[in-house]
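Here are the chains, one letter per residue:
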Amino acid sequence: MNLELKDIPGQLVLALQPISEIKGNILSVVHHHDERTPRGTIPVHVLFELNKEKLDELIEQLEKNGVLVARVGEKRLHEEMSVMLIGHIVHTDIRDTIDAVDSTGCAEIVDLALSMPGIEQVSSAFMIIHASTKENLMSALDILHKTADEKGLLMIEPIKNAI
Amino acid sequence: MKDIKISIIGFGDVGQGVVQVLSQKQQTLEKLGVNIKVVAIVDSRSSLVNADGIDLEKAVQVKRDTGIVGKAGSTTAEIIKNTDHDLVVEVTPTDINTGEPGLTNILTAIENGKHVVTSNKGPFARNYAKLMKAAKDHGVILRYEATVGGAMPIINLIQENLAGNTIERIDGILNGTCNYILTRMGEETLDYQHALLEAQELGIAEADPTYDVMGIDAACKLVILANTAYNNNAIFDDVSITGITKITPQALELADKNGYAVRLICEVSEQVLSVAPKLVPKKHPLAVGGTLNIATIHTDLSKMVTISGIGAGSIETASVILSDIIHISTGYLTHTL
């Protein structure tokens, strides 16, 4: 979110307090002290996580505090992980496997590469999953694991905190 | 200089390797003030005892020529009980299910007041806590560096060098055979069976590769690491195990295209005990090739410490047995002199 603050003391608190008050998780704040907008205000860039329903409430509160909300950018899914499946992926209904993750609503399979060497041979899939939070990513992974087990597929996860 | 009298129980590759490094390192040992005298050697069918010290070269020659090292008639327990010595080197073959004959050998040695150095994983798979308690109760030292990671001194690293740290997690590759097979499958697009045959021809995989490729060997090592790091009485049956037999060269190719290698990874923490193939970024320290073993220990104070080394081979394994023997001998001298 890009905000604009008046050039008088105490403005940053007025901008950040409402975010933490409605249980937003602030990830980064960049305060451009030396810059001025054409309106003479100071631009501030804030990155935070927030329950989507609360966004309007937040904007209202910020404006009440005299903080100008210049731009709201939304990236819903910012956790990413790659996984592989090996086995009869296509024969065991790949659509259904993908749906198992997508239907959670908080995680999606955003990329899928398949290798199918021959009709009777096992195939492999490399997929990238996006999720809104680490917890959601982990629960999506659990769901995928369960689905893979049911279908007799081998699932290969990345090692923890891979650099 | 005081004599440290030792027995060697098991006289296969590792037992003979121990004899070889003891002969080769005599001068080094003298400098350390340790004179190690082998007074008994036992193999599966015979035994050789000499209170004045066995002629090691001759013992190896006899074993090679006749298949046995000495005379039949005495049991291992009798030799351990009735021979005057300080330390037992237990290097019999591993049986993960029963732990025998190593389990009984080690317990007999401990109960008779002998220190023990072993490379045998089997006894620890379900009895780590029991063995450690027995050693403590009898006031002897049990060291087992050679059970995990071959020449890579990871047990010492955890117990001594990283003492005081809280170990958050250990990730590692602890089975050289699987790592070799996965490396070759990836490099040459070989299928699993082909890479396994190649490994068997080179002596990297055993005729019955089950222990290795099903992840059983790695799981047993992981149990030993877990007990060493957390003293948590973990047993083999607690480990979630997935082997490498279902991996295809096409899968490895696909992983490679996306910047990953696939490796059989052991993960140990207080919550997780798992052996499974995992995606490892190609630039990650754990993405080693060939038969190497490697482990990264994640700690609170030291952060990440990574150690790597040759995971198998009789001399490499004997090298860490020697180190354990020296550790006990020098401590023993300080205490008794």
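Small disclaimer: the values here were computed from a predicted structure and weren't measured.

J.: Help me understand the interface of chain B and chain A in this model?
T.: Much of the literature gives interface size as the accessible area that the parts lose upon coming together. Contacts between chain B and chain A engage 22 residues on the former and 22 residues on the latter. Of the roughly 1,900 Å² buried where chain B meets chain A, counting both sides, 71% is carbon and sulfur surface. Taken together, the links from chain B to chain A amount to 1 salt bridge. Of the charged contacts in the structure, one is a salt bridge between Lys-160 of chain A and Glu-267 of chain B, with a shortest N-O distance of 2.3 Å. The interface formed by chain B and chain A contains 4 residue pairs in polar contact (both at pLDDT 80 or more).

J.: It is not clear to me how the environment of Thr-133 of chain A should be interpreted in this structure. Could you clarify?
T.: Residue and element names in this part refer to chain A. Tracing the backbone shows Thr-133 in the loop between strand S7 (123-131) and helix H4 (134-150). Residue Thr-133 is classed as partly exposed on the basis of its relative accessible area, which comes to 24%. For the pair Thr-133 and Glu-79, spaced 54 residues apart in the sequence, the C-alpha separation amounts to 5.9 Å. At 3.1 Å, the side chain of Thr-133 and the backbone nitrogen of Asn-136 are in polar contact.

J.: What is the right way to read the domain arrangement of chain B from this model?
T.: Residue and element names in this part refer to chain B. For chain B, the domain assignment lists domain 1 (2-150 + 315-336) and domain 2 (158-311). The straight-line distance from the C-alpha centre of domain 1 to that of domain 2 is 28 Å. If you look at the interface, domain 1 gives 18 residues, while domain 2 gives 20 residues. Roughly 1,600 Å² is buried in total at the junction of domain 1 and domain 2, and carbon and sulfur atoms are behind 63% of that figure. Together, Ile-96, Tyr-128 and Val-148 form the three largest contributors to the area buried by domain 1 at its contact with domain 2, with a combined 32%. On inspection of domain 1 and its partner domain 2, the count reaches 3 salt bridges. For Lys-121, the salt bridge is made with Asp-217, and the minimal N-O distance between the two is 3.2 Å.

Basis of the calculations
Residue positions are counted from 1 within each chain, in the order its sequence is given. Chains carry letters and ligands carry numbers; both start at the beginning, A for chains and 1 for ligands, and go up in the order they are written. Restriction of local features to residues with pLDDT of at least 70 applies here, the model being predicted, together with a cutoff of 80 or more for giving and counting side-chain atom pairs; totals for whole chains, interfaces and linings are based on all residues. For the side-chain quantities, the full set of heavy atoms in the structure was used; hydrogens and water were omitted. Note on contacts: a residue pair is in contact if any heavy atoms of the two residues lie within 4.5 Å. Each of two parts loses accessible area, computed with a 1.4 Å probe, when they are put together; buried area is these two losses added. By definition, a salt bridge exists where a carboxyl oxygen of Asp or Glu is found within 4 Å of a side-chain nitrogen of Lys or Arg. Polar contacts here mean pairs of N or O atoms no more than 3.5 Å apart (in protein, one a potential hydrogen donor and the other a potential acceptor; neighbouring residues in sequence count only if both atoms are side-chain atoms). To qualify as a helix, a DSSP run of H or I must reach at least 4 residues; to qualify as a strand, a run of E must reach at least 2; elements of each kind are numbered from the N terminus. Burial classes: relative accessible area under 20% of the type maximum marks a residue as buried, over 50% as exposed, and values in between as partly exposed (1.4 Å probe, protein chains only). As used throughout, domain bounds are those supplied by an automatic or database domain assignment.

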